[in-house]
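# Tertiary structure, described
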Amino acid sequence: MKQNVFAFLAGVVFALGLGVSGMSQPSKVRGFLDFFGDWDITLLFVLGPAVCIYLLGTRIAAWVSPERFRVSSDPERMGVRFFSGCILFGIGWGMVGLCPGPSIVILGQGSFPTVLFFLFVLLGIYGADRVLAGLSGEK
Amino acid sequence: MNDYLSALAGGVLLGGTALFLRLALGYPLGISGFLSKALSFKLTVAGWRLSFLAGMLLAALSLNWIYPSAISEPLSADLWVLGLAALLVGGGARIAGGCTSGHSLCGMGNLDLDSVVATVIFIVSGAVAVLVMGGTS
């Protein structure tokens, strides 16, 4: 129960963050990606502090209380699969300017295109999961 | 609000939430992974991630009242462009092992090399897509 309350509150604040930051305004995201043209660097001010806070916070927690908080990682194997996934994701991100988190947040406007976009994100996730499970011989 | 200030405020909220989730629940925050687990349609698999997604949805709806300009931009691209881009974003994230939250925020914040590489590729291929589609202006 406590987990669910924490997760719910985290979801609320995370979505507000995606709204306030400008990550849910497709033109802003595409402006950030337009560094061959009219480059808008604003979103660097989102990523920079976010990564720093996470980095410092997790390291401090691990230093203060090593028995409770351990810094661990589970990196992806950087092979063909990984690189093609990154490229496909980037192309989709640049085409419209929305990544998965903001595709949820922008649902708030309640328009047909945002619902369509979100449903196709889900379809992409579901389809890729099925294919990956098939490739690794599960199920 | 000034664009840079709101970006900064958003970044603090995003980083703070990811840190909170990592410390309180012990997991990194990754939206595409959460959605994938939700799509297993098994409560035991999805667990608290459903609560997280419900919180996001509630905040998304309330942004209409508290900060409508954050989410009011219409998606003006052709429907086939929207559908294709969404498939690529959803599928690509799973194949890459994470999206902007899992790789670019938590992974880079964990100093994972694969996440730094993923983020660079996300941005470069996104830039190529914007360029091929004729830029933003």
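Shown above is the structure to which this text applies.
What counts, and where the lines are drawn
Residues numbered from 1 in each chain as written. Chains lettered and ligands numbered in written order. Predicted model: local features only at pLDDT ≥ 70, side-chain atom pairs only at ≥ 80, totals over all residues. Heavy atoms only, no water. Helix = DSSP H or I, 4+ residues; strand = E, 2+ residues; numbered from the N terminus. Expected span 1.5 Å × (residues − 1). Buried < 20%, exposed > 50% of the residue type's maximum accessible area, 1.4 Å probe, protein only. Contact = heavy atoms within 4.5 Å. Phe/Tyr/Trp six-rings, centres within 6.5 Å; stacked < 30°, edge-to-face > 60°. Salt bridge = Lys/Arg side-chain N within 4 Å of Asp/Glu carboxyl O. Buried area = accessible area lost by both parts, 1.4 Å probe. Polar contact = N/O pair within 3.5 Å; in protein donor to acceptor, adjacent residues only side chain to side chain. Core = buried A, V, L, I, M, F, W, Y, C linked by side-chain atoms within 4.5 Å. Axes fitted to C-alpha atoms, helices over the stretch in contact; angles between N-to-C directions. Parallel < 35°, antiparallel > 145°, perpendicular 65-115°, else oblique. Nonpolar A, V, L, I, M, F, W, Y, C, P; charged D, E, K, R; others polar.

Time to look at helix H3 (residues 44-64) of chain A. Residues that lie three or four places apart on an α-helix share one face, since the helix turns once every 3.6 residues. With 21 residues, H3(A) ought to run about 30 Å at 1.5 Å a step, and its terminal C-alpha atoms sit 30 Å apart, in line with that. For H3(A), the set of buried residues is A:Val46, A:Pro49, A:Ala50, A:Val51, A:Tyr54, A:Gly57, A:Thr58, A:Ala61 and A:Ala62. Those residues of H3(A) that are buried are in contact with helix H1 (2-21) of chain A together with helix H1 (3-24) and helix H6 (100-109) of chain B.

This paragraph deals with the side chain of B:His103. With respect to the helices, strands and loops of the structure, B:His103 is situated in helix H6. Apart from residues no more than four positions distant in its own chain, B:His103 is found in contact with A:Glu76, A:Phe82, B:Ala96, B:Gly97, B:Gly98, B:Met108, B:Asp114, B:Ser115, B:Ala118, B:Thr119 and B:Phe122.

As a further point, take the packing of aromatic side chains. Counted under the stated rule, the structure contains eleven aromatic pairs over all chains. Where A:Phe6 meets B:Phe20, the ring centres are 5.4 Å apart and the plane angle is 75°; that geometry is what we call edge-to-face. Taken together, the residues span two chains, with A:Phe6 in helix H1 and B:Phe20 in helix H1. When the centroid spacing of 5.0 Å and the interplanar angle of 75° are considered together, the rings of A:Phe45 and B:Tyr4 count as edge-to-face. Taken together, the residues span two chains, with A:Phe45 in helix H3 and B:Tyr4 in helix H1. Relative accessible area serves as the criterion here: at 38%, B:Tyr4 is assigned to the partly exposed category.

Next up on the list: unusual backbone geometry. All names here are of chain B. Despite not being glycine, Phe 41 shows a phi value in the positive range, around 55°. Structurally, Phe 41 is set in the loop between helix H2 (31-38) and helix H3 (43-46). When its relative accessible area of 67% is taken as the criterion, Phe 41 is described as exposed. For Leu 111, which is not glycine, the phi dihedral falls at a positive 60°.

It is worth spelling out the pattern of salt bridges at this point. When the charged atoms of two side chains lie near each other, side chains of opposite charge can form a pair. Applying the stated criterion across every chain yields a total of four salt bridges over all chains. Here B:Asp3 ties to A:Lys28 by a salt bridge, and the two come within 3.0 Å at their closest N and O atoms. In this pair, B:Asp3 sits in helix H1 while A:Lys28 sits in helix H2 (residues 26-33), so the two residues belong to two different chains. In this structure, A:Arg81 and A:Glu76 form a salt bridge, with 3.4 Å as the shortest nitrogen-oxygen distance. By relative accessible area, A:Glu76 is classed as partly exposed at 24%. Members of the salt-bridge network, linked through shared partners, are A:Lys28, A:Asp40 and B:Asp3.

This part takes up the interface of chain B and chain A. Think of interface size as the accessible area that goes away when the parts come together; that is how it is often given. Taken together, the contacts link 100 residues of chain B with 94 residues of chain A. Buried area between chain B and chain A, summed over both chains or domains, comes out near 8800 Å², and the portion from carbon and sulfur atoms is 77%. Our count for the contact surface shared by chain B and chain A stands at two salt bridges. One can count 16 residue pairs in polar contact (both at pLDDT 80 or more) joining chain B with chain A. Put simply, the parts of the chain that give the side of chain B that touches chain A at least two residues each are H1, H2, helix H4 (48-66), helix H5 (79-96), H6 and helix H7 (113-132) of chain B. No other element matches H1(B), which puts 21 residues into the side of chain B that touches chain A.

Attention shifts here to the nonpolar core. Within the largest apolar cluster, 72 residues are counted, with the highest numbers of intra-cluster contacts made by A:Trp93, B:Phe52 and B:Met56. When residues in this core are grouped by element, the largest group, eight residues, is from H5(B). Non-local contacts of A:Trp93, meaning those with residues more than four positions away in its chain, are made with A:Met23, A:Val29, A:Leu33, A:Leu98, A:Cys99, B:Val89, B:Thr100, B:Phe122 and B:Ile123.

Our next topic: the packing of H2(A) against H7(B). Packing of H2(A) against H7(B) leaves a shortest axis separation of 8 Å and a crossing angle of 105°. For the element pair H2(A) / H7(B), the angle class is roughly perpendicular. On H7(B), the residues that touch A:Arg30, A:Phe32 and A:Leu33 of H2(A) are B:Ile123, B:Gly126, B:Ala127 and B:Val130. Split into classes, the residues belonging to the contact of H2(A) with H7(B) amount to five nonpolar, one polar and one charged.

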